[in-house]
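In case you want the letters, here they are:
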Amino acid sequence: MTDTATAPRIDASHDPRLRSWVASANGPGCDFPIQNLPFGRFRAADGAPRIGVAIGDQILDLRAAGLVDTDDMNALMAAPPAQRQALRARLSAGLAEGSAQQPAWQAALVPQAGTAMLVPCRIGDYTDFYTSVHHATNVGRQFRPDQPLLPNYQWVPIGYHGRASSIGVSGQAVRRPRGQLKAPDAATPVLAPSRRLDYELELGWFIGAGNAQGEPIAIAQAEQHLFGVALFNDWSARDIQGWEYQPLGPFLSKNFASTLSPWIVTLEALAPFRAPFTRPGGDPQPLPYLDSAGNRAHGAFAITLEVLLQSARMRAEGLAPLRLSRTDSARAAYWTPAQLVAHHTVNGCNLQSGDLLGSGTLSGPEEGEAGSLLELAVAGQRPVALPTGEQRSFLEDGDTLTLRGWCEREGAVRIGLGEVSGTVAGATGA
């Protein structure tokens, strides 16, 4: 079986000399230059959901520009890779400086500012993985000091099925969940609002074309079934989680809210930012169904990720958000997206267009690379100091949590994933 799926395709759309007639796309540090062209959904002036592509600080309405005849993002995502690449080439050529499409497409631009963004696609199913060995070790050490990493971790991409209906888009208010809590010295649990609300720094990988039930996807073809990636915050109630998760795993501690960034950066846009997949010396190599030459050569993605927190008091005093951590996804992830797809389907499970695969919390090896407060504050033992003198072991009402991501390397134009933010609101009612 030919292993071509992970060969990064570099073409004219990645040319660092390329500039757009949309002036804001050419500015330094812009997340959405012409080399990016991520897809998302927005609400048009008539109230209808539309498919758009981010370019600078604008959105190109694809239907208004005559580029698609559907407002169904899932149908676009399910198209064969060659068809998606052809659309990217048309977009790149039409948005480039000097393009004859400028007069017609100018009228199809919508300012991003003030536009209501939607969840990027229809998410039928959502699986959350546990791909960061550093996160797994940090958390495991808090509960199992003598054996922080369970024996199966280095062999199996661990995951659980989450709740798709409660996934929202950046900017949402996240209500503090209620659930059963049990203190270690208490005889019985109580129903109360979570006191240990946390965030999780994740990437969300979207399925493009699915597979038939009973037909596994080989790792050599796995990336043919991936459409792209967005930032993902899987909010977590650690105290609810600690009481409920054994023996079947997370439930109410996770399903109350998750938040996505509005733009899906395609695999095609990420081509210049691929990285080798390697295991630390002494670790076992993956089983054959999770291994391929292409995956070893460039199965990882070098995406810089950071977390920022701004309390209500910081906003009131005009203080900028505090950066809590920064890491690189290629350093943080023990499993690649292709391995997640191959493992998810090896038993015959059928993935569908728009399905979301969460990476799990992405924590790097250093102290400043932790992807959750559970790790940063060491389960409350070392609270994080804010510029106002406040401290955080876990999130408080009024806190705004923001994740950002971008890719950059010498010889390529920097592209961004944008950001995903959410603000903690008071607890849910009885």
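Residues numbered from 1 in each chain as written. Predicted model: local features only at pLDDT ≥ 70, side-chain atom pairs only at ≥ 80, totals over all residues. Heavy atoms only, no water.

Let's hear about the overall build of the protein: which residues, and what values?
Assigned secondary structure in the protein consists of 10 helices and 26 strands. For 430 residues, the compact-globule estimate of 2.2 N^0.38 gives 22 Å, and the C-alpha radius of gyration of the protein, at 21 Å, lies within 12% of that figure. For the protein, the C-alpha atoms occupy an extent of roughly 70 × 55 × 40 Å along the three principal directions. Burial statistics for the protein: of 430 residues in total, 54% are counted as buried. Nonlocal contacts in the protein, meaning residues at least 24 apart in sequence, comprise 74% of its contacts between residues at least 6 apart. When the accessible surface of the protein is split by element, carbon and sulfur atoms take 52% of a total near 17,800 Å². (Helix = DSSP H or I, 4+ residues; strand = E, 2+ residues; numbered from the N terminus. Rg over C-alpha atoms; globule rule 2.2 N^0.38 Å. Buried < 20%, exposed > 50% of the residue type's maximum accessible area, 1.4 Å probe, protein only. Contact = heavy atoms within 4.5 Å. Areas by Shrake-Rupley, 256 points an atom, 1.4 Å probe, with all protein chains shown as cover.)

Outline the pattern of salt bridges, listing residues and values.
Scanning the model with the defined rule gives 24 salt bridges in all. One salt bridge connects Asp61 with Arg50, and the closest N-O pair in it is separated by 3.5 Å. With Asp61 in strand 3 (residues 58–61) and Arg50 in strand 2 (residues 49–55), this residue pair connects regions lying 11 residues apart in the sequence. The buried category is assigned to Arg50, whose relative accessible area is 13%. One salt bridge in this structure joins Arg296 and Asp291, with 2.7 Å as the shortest N-O distance. On the basis of relative accessible area, Asp291 is assigned to the partly exposed category, the value being 25%. (Salt bridge = Lys/Arg side-chain N within 4 Å of Asp/Glu carboxyl O.)

Could you give me a rundown of the nonpolar core, with the residues and numbers involved?
One finds Leu203, Trp205, Leu270, Ile303, Leu395 and Leu401 to be the most contacted residues of the largest nonpolar core, which totals 56 residues. Within the residue set of this core, elements represented by two or more residues are helix 4 (133–143), strand 13 (201–207), strand 14 (226–233), strand 20 (304–310), helix 9 (337–345), helix 10 (373–376), strand 25 (400–407) and strand 26 (415–427). Here Leu270 is in contact with Trp205, Val229, Val265, Phe301, Ile303, Cys407 and Ile415, once residues within four sequence places are set aside. Leu67, Met77, Val119 and Ile167 belong to the second largest nonpolar core, which has 39 residues in total. (Core = buried A, V, L, I, M, F, W, Y, C linked by side-chain atoms within 4.5 Å.)

Can you lay out the side chain of Ser421 for me, pointing to particular residues and giving the numbers?
Position of Ser421 among the secondary structure elements: in strand 26. Among residues more than four places away in sequence, those in contact with Ser421 are Ser170, Gly171, Gln172, Thr259, Thr400, Leu401 and Thr402.

Break down helix 9 for me, with residues and values.
The element helix 9 is extensively covered by neighbouring structure, given that nine of its nine residues are classed as buried. Buried residues of helix 9: Pro337, Ala338, Gln339, Leu340, Val341, Ala342, His343, His344 and Thr345, and no others.

So what's going on with the UniProt feature "domain: Fumarylacetoacetase-like C-terminal" (unreviewed entry) in the protein? Which residues, and what values?
With numbering aligned to this structure, UniProt lists the feature "domain: Fumarylacetoacetase-like C-terminal" (unreviewed entry) at residues 127–424. Here residues 127–424 is 15% helix and 30% strand, with 24 Å between the C-alpha atoms at its ends. (UniProt positions renumbered as here; feature names shortened; annotations may be inferred.)

Talk me through the sheet that holds strand 3; I want residue IDs and the actual numbers.
By way of backbone hydrogen bonds, the strands of a sheet pair with one another, either parallel or antiparallel. Within the open sheet, the five strands sit side by side as 4-3-2-1-5. Their pairing is antiparallel. Pairing within the sheet leaves two strands with one partner each, and these edge strands are strand 4 (109–111) and strand 5 (117–118). Sheet analysis places strand 3 next to strand 4, joined by three bridges and oriented antiparallel. Note that in strand 4 the partner of Ile59 across the bridge is Val110. (Pairing = 2+ DSSP bridges.)

Tell me about the UniProt feature "domain: Fumarylacetoacetase N-terminal" (unreviewed entry) in the protein, residues and numbers included.
Here the UniProt-annotated "domain: Fumarylacetoacetase N-terminal" (unreviewed entry) positions come out as residues 35–120. Helix makes up 29% of residues 35–120 and strand 24%. Its end C-alpha atoms lie 20 Å apart.

Which residues make up helix 4, and what values do they have?
Buried within helix 4 we find Val133, His135, Ala136, Thr137, Val139 and Gly140. Lining the buried residues of helix 4 we find helix 8 (329–332) and helix 10.

Give a detailed account of the pairing of strand 26, specifying residues and quantitative values.
Side-chain positions along a regular strand alternate between the two faces of the sheet. Here five bridges tie strand 9 (residues 172–176) to strand 26, and the two strands are oriented parallel to one another. Within strand 26, the residue paired with Arg176 across the bridge is Ala427. Pairing of strand 25 with strand 26, which is carried by eight bridges, proceeds in the antiparallel orientation. Within strand 26, the residue paired with Thr402 across the bridge is Ser421.

Explain the layout of surface pockets to me, using residue names and the numbers behind them.
If you add up the space inside the largest pocket, you get close to 1,200 Å³. Around the largest pocket, the lining comprises 43 residues; the ones closest to its centre are Val139, Phe143, Gln241, Gly242 and Tyr245. Secondary structure elements with two or more residues in the lining of the largest pocket: strand 6 (126–129), helix 4, strand 7 (159–161) and helix 5 (238–244). Looking at the lining of the largest pocket residue by residue, the class counts come to 23 nonpolar, 11 polar and nine charged. (1 Å grid on protein atoms, 1.4 Å probe; cavity = no way out; pocket = protein on both sides within 12 Å on 5 of 7 lines; lining within 4 Å. Points joined across faces, edges and corners; volume = space filled by probe spheres on them. Nonpolar A, V, L, I, M, F, W, Y, C, P; charged D, E, K, R; others polar.)

I'd like a rundown of the sheet that holds strand 25, residues and numbers included.
If you trace the five strands from one edge of the open sheet to the other, you get 9-26-25-20-21, paired in mixed fashion. Each of the sheet's edge strands pairs with one partner strand only, and the pair in question is strand 9 and strand 21 (322–328). Direction aside, neighbouring strands of the sheet carry axes that sit 20° apart on average. Relative to strand 21, strand 20 is paired through six bridges, and the arrangement is antiparallel. Bridge pairing links Val307 to Ser325 in strand 21. (Axes fitted to C-alpha atoms, helices over the stretch in contact; angles between N-to-C directions.)

Provide a residue-level description of unusual backbone geometry, including the pertinent values.
Gln246 connects to Pro247 through a cis peptide bond whose omega is 10°. Not every positive phi belongs to a glycine, and Leu37 is a case in point at roughly 60°. One non-glycine residue with positive phi stands out, namely Val378, at about 50°.

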